[in-house]
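Fold and contact review
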Amino acid sequence: NSLNFRIDDIRSAMGLSELNFLKRKNLLRYNVVKRYLRLIKENDLENLIKIPFKTEIKKSNSHHIFPILLPKNINNSFIFKEMLKNKIQLSMHYPPIHLMTFYRKKIKLGVVESLHKRLISLPLYPSLSFNSQIKVIKNLKKIILNYKK
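As the structure is a computational prediction, the values presented were derived from the model and not from experiment.

Examining the pattern of salt bridges
- All chains considered together, the criterion is met by 6 salt bridges.
- When the shortest N-O distance is used, the salt bridge between Lys25 and Glu18 registers 3.0 Å.
- We classify Glu18 as partly exposed; its relative accessible area is 39%.
- Two residues, Lys58 and Glu56, come together in a salt bridge whose shortest N-O distance is 3.2 Å.
- Residue classification places Lys58 among the partly exposed positions, given a relative accessible area of 39%.
- A relative accessible area of 42% means that Glu56 is categorised as partly exposed.

Below, the structure is given as structure tokens:
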């Protein structure tokens with residue numbers, strides 16, 4: 001019983017046709033990222049959250065996610081729950097590999113685990129509206145400022 005992970009012809013054709021839109025979608029996501037940066041600054045969130053790799057934000061990148069690092073006293077699971085109450089879905093990307101079931105070991109990687117608990121990705125897709133971004137940032141700020149440990 002072997003597994004076949006090759007892509008079929010239909011999905012290959014769909015993928016090839018999507019390449020025609022890649023530059024345009026990357027540019028749209030870049031614009032969303034720039035709006036997030038502006039909103040974060042305008043809402044005085046720069047001292048509350050950190051933006052990993054902020055210096056690497058360039059027009060030529062794909063901008064497939066917009067990660068932020070929460071303050072040290074706030075766990076991302078709390079933010080996830082509170083944002084969901086406002087119908088805002090966040091994501092968590094790249095969990096530490098040593099915590100995945102297949103690799104789980106009895107080791108501690110304190111810095112990695114601490115960062116993982118504070119890292120979230122804000123919604124990011126080409127058609128994300130400015131009003132939706134305002135809602136995300138305003139709610140995020142309110143939740144962070146009202147957080148009680």
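Don't stop here, the text continues.
A few points about helix α3 (residues 76-85)
- Those residues of α3 lying buried are Asn76, Ile79 and Met83. Burial along α3 is one-sided: seen end-on, the buried residues are contained in an arc of 55°. Along α3, exposed side chains directed more than 90 degrees from the buried face belong to Lys81, Leu84 and Lys85.
- A positive backbone phi angle near 60° is found at Lys87, which sits one or two residues after α3.

Observations regarding the packing of aromatic side chains
- This model, assessed by the stated rule, comprises 2 aromatic pairs.
- With 5.0 Å between their ring centres and 25° between their planes, Tyr36 and Phe66 make a pair best called stacked. Of the two residues, Tyr36 is situated in helix α2 (residues 22-42) and Phe66 in strand β1 (residues 66-69); the sequence distance between them amounts to 30 residues.
- We classify Tyr36 as buried; its relative accessible area is 0%.
- Here Phe78 and Tyr147 contribute two aromatic rings whose centre-to-centre distance is 4.8 Å and whose plane-to-plane angle is 70°, an arrangement assigned as edge-to-face. Here Tyr147 lies in the segment after α5 (130-145) and Phe78 lies in helix α3, a separation of 69 residues in the sequence.

What counts and how
- Along each chain, the written sequence defines residue order, and numbers are assigned to residues from 1.
- Residues qualify for local features only when their pLDDT is at least 70, as the model is predicted, and side-chain atom pairs are given and counted only at 80 or more; totals for whole chains, interfaces and linings, by contrast, use all residues.
- By convention in this description, side-chain values take in all heavy atoms of the structure and omit both hydrogens and water.
- Here, a salt bridge means any Lys or Arg side-chain nitrogen found within 4 Å of an Asp or Glu carboxyl oxygen.
- Think of it in three bands: residues with accessible area under 20% of the maximum for their type are buried, residues over 50% are exposed, and the middle band is partly exposed, with areas taken using a 1.4 Å probe on protein chains only.
- Secondary structure follows DSSP: runs of H or I at least 4 residues long count as helices, runs of E at least 2 residues long count as strands, and numbering of each begins at the N terminus.
- What the arc covers is the set of directions going from the helix axis to the C-beta atoms.
- A pair of aromatic rings is counted whenever rings of Phe, Tyr or Trp (Trp by its six-membered ring) have centres within 6.5 Å, and the orientation is called stacked for planes under 30 degrees apart, edge-to-face for over 60 and tilted otherwise.

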